[in-house]
Amino acid sequence: LLGKIFGKEGKAEEIISLMNEAIKFVRNRTKEIPENQRLRALYLYSPRTLNVWGWGTAHSQIFELAGLIDVTKGKMPPPGYGQVPLETIMEWNPDIIFLAPRVWCRCTAEDIYNDVKWQQINAVKNHKVYQLPLMSSWSPEFATLSLFYASKAYPDRFKDVDFDEFYREFTKKVYGVPLEPYYGE
């Protein structure tokens, strides 16, 4: 639609193709993972406020593309995000937790690892809490986010991939300049 509005249909098709290639790349490496071996994932916007983005949000869709199971599926009313008690997160017991970028949540994985209240959750016990770099799930970067999730969840399937380099190459093709993944505040 934006390609049509701005008279850039060719560039829009090129970007869509790049996104589809990235998603296909991830799917090809995760499609053979049996359901019972897929990691159960949670997107945590903030451990302080216990806000999660769950089933029905862009992140749950990206989880599926990355071969993950969203622990909130069927457990959160629309629109799929909100505040939940820590006890609920403990019941969901995710295998892997993705934290919102530091600029948004003002926290780090270390904050969770060092907080005694989180110690019974599998993701914390197994050191599988990851901070997202700053990127948009509502842009072409959606496709790179699927690689980020999948490479953290299943590193053995992506050991030949450098996410930061993939991101730089992808953004250069999409935006005309290579962007660095931003992990800071």
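Let us look at the structure shown here.

Calculation rules
Residues numbered from 1 in each chain as written. Predicted model: local features only at pLDDT ≥ 70, side-chain atom pairs only at ≥ 80, totals over all residues. Heavy atoms only, no water. Axes fitted to C-alpha atoms, helices over the stretch in contact; angles between N-to-C directions. Helix = DSSP H or I, 4+ residues; strand = E, 2+ residues; numbered from the N terminus. Parallel < 35°, antiparallel > 145°, perpendicular 65-115°, else oblique. Left-handed = near helix turned anticlockwise from the far one by under 90°. Contact = heavy atoms within 4.5 Å. Nonpolar A, V, L, I, M, F, W, Y, C, P; charged D, E, K, R; others polar. Phe/Tyr/Trp six-rings, centres within 6.5 Å; stacked < 30°, edge-to-face > 60°. Buried < 20%, exposed > 50% of the residue type's maximum accessible area, 1.4 Å probe, protein only. Expected span 1.5 Å × (residues − 1). Arc of directions from axis to C-beta. Core = buried A, V, L, I, M, F, W, Y, C linked by side-chain atoms within 4.5 Å.

Describing the packing of helix 2 (residues 9–30) against helix 8 (residues 142–153)
Turning to step 1, where the next piece is worked out: Taken N-terminus to C-terminus, the directions of helix 2 and helix 8 make an angle of 20°; their axes are 8 Å apart at the nearest point. By the angle between their directions, the pair helix 2 and helix 8 is classed as roughly parallel. Relative to helix 8, helix 2 is oriented so that their crossing is left-handed. In this structure, helix 2 uses M19, A22, I23, F25, V26 and T30 to contact helix 8, whose residues at the interface are F142, A143, S146, L147 and A150.
Turning to step 2, where the next piece is worked out: Looking at side-chain class alone, the contact of helix 2 with helix 8 contains nine nonpolar, two polar and no charged residues.

Re the packing of aromatic side chains
Turning to step 1, where the next piece is worked out: Within this structure, the stated rule accounts for nine aromatic pairs.
Turning to step 2, where the next piece is worked out: Seen in terms of ring centroids, F25 and F166 are 6.2 Å apart; in terms of plane orientation they differ by 20°. Their pairing is stacked. Here F25 is found in helix 2, whereas its partner F166 is found in helix 9 (residues 163–175), with 141 residues between them in sequence.
Turning to step 3, where the next piece is worked out: By relative accessible area, F25 is classed as partly exposed at 25%.

Observations regarding helix 9
Turning to step 1, where the next piece is worked out: Taking 1.5 Å of rise per residue, 13 residues should cover 18 Å, and helix 9 covers 18 Å from first to last C-alpha, within 8% of that figure.
Turning to step 2, where the next piece is worked out: Those residues of helix 9 that sit buried are F163, Y167, F170, T171 and V174. On an axial view of helix 9, the arc spanned by its buried residues comes to 95°, and they lie on one face.
Turning to step 3, where the next piece is worked out: Structurally, helix 9 contributes buried residues whose contacts are with helix 2 and helix 8.
Turning to step 4, where the next piece is worked out: Downstream of helix 9 by one or two residues, G176 has phi in the positive range, about 90°.

With respect to the nonpolar core
Turning to step 1, where the next piece is worked out: L68, I89, F98, W118, V129 and Y149 are the most contacted members of the largest nonpolar core, which has 58 residues in total.
Turning to step 2, where the next piece is worked out: In this structure W118 touches L44, P47, L50, L86, I89, I97, I112 and V124, once residues within four positions along its chain are discounted.

Some details on the packing of helix 8 against helix 9
Turning to step 1, where the next piece is worked out: Closest axis-to-axis distance for the helix 8/helix 9 pair is 10 Å, and the angle between their directions is 170°. With respect to helix 9, the element helix 8 is oriented roughly antiparallel. Together, A143, T144, L147 and F148 of helix 8 and F163, F166, Y167 and F170 of helix 9 make up the contact between the two elements.
Turning to step 2, where the next piece is worked out: Counted by class, the contact of helix 8 with helix 9 contains seven nonpolar, one polar and no charged residues.

A short note on the environment of S146
Turning to step 1, where the next piece is worked out: Mapped onto the secondary structure, S146 falls in helix 8.
Turning to step 2, where the next piece is worked out: We classify S146 as buried; its relative accessible area is 0%.
Turning to step 3, where the next piece is worked out: C-alpha separation for the pair S146 and L65, spaced 81 residues apart in sequence, amounts to 6.3 Å.
Turning to step 4, where the next piece is worked out: The residues contacting S146, other than those within four sequence positions of it, are I23, V26, I62, L65 and A66.

Points about helix 2
Turning to step 1, where the next piece is worked out: For helix 2, which comprises 22 residues, the first-to-last C-alpha distance of 31 Å matches the rise-based estimate of 32 Å (1.5 Å per residue) to within 8%.
Turning to step 2, where the next piece is worked out: Buried within helix 2 are the following residues: I15, L18, M19, A22, I23, V26 and T30. Considered in projection along helix 2, the buried side chains sweep an arc of 125° and stay on one side of the axis. Opposite the packed face of helix 2, turned more than 90 degrees from it, sit the exposed residues G10, E13, E21 and K24.
Turning to step 3, where the next piece is worked out: Where helix 2 is buried, its residues meet helix 3 (58–65), helix 8 and helix 9.

By themselves these figures say nothing about function.
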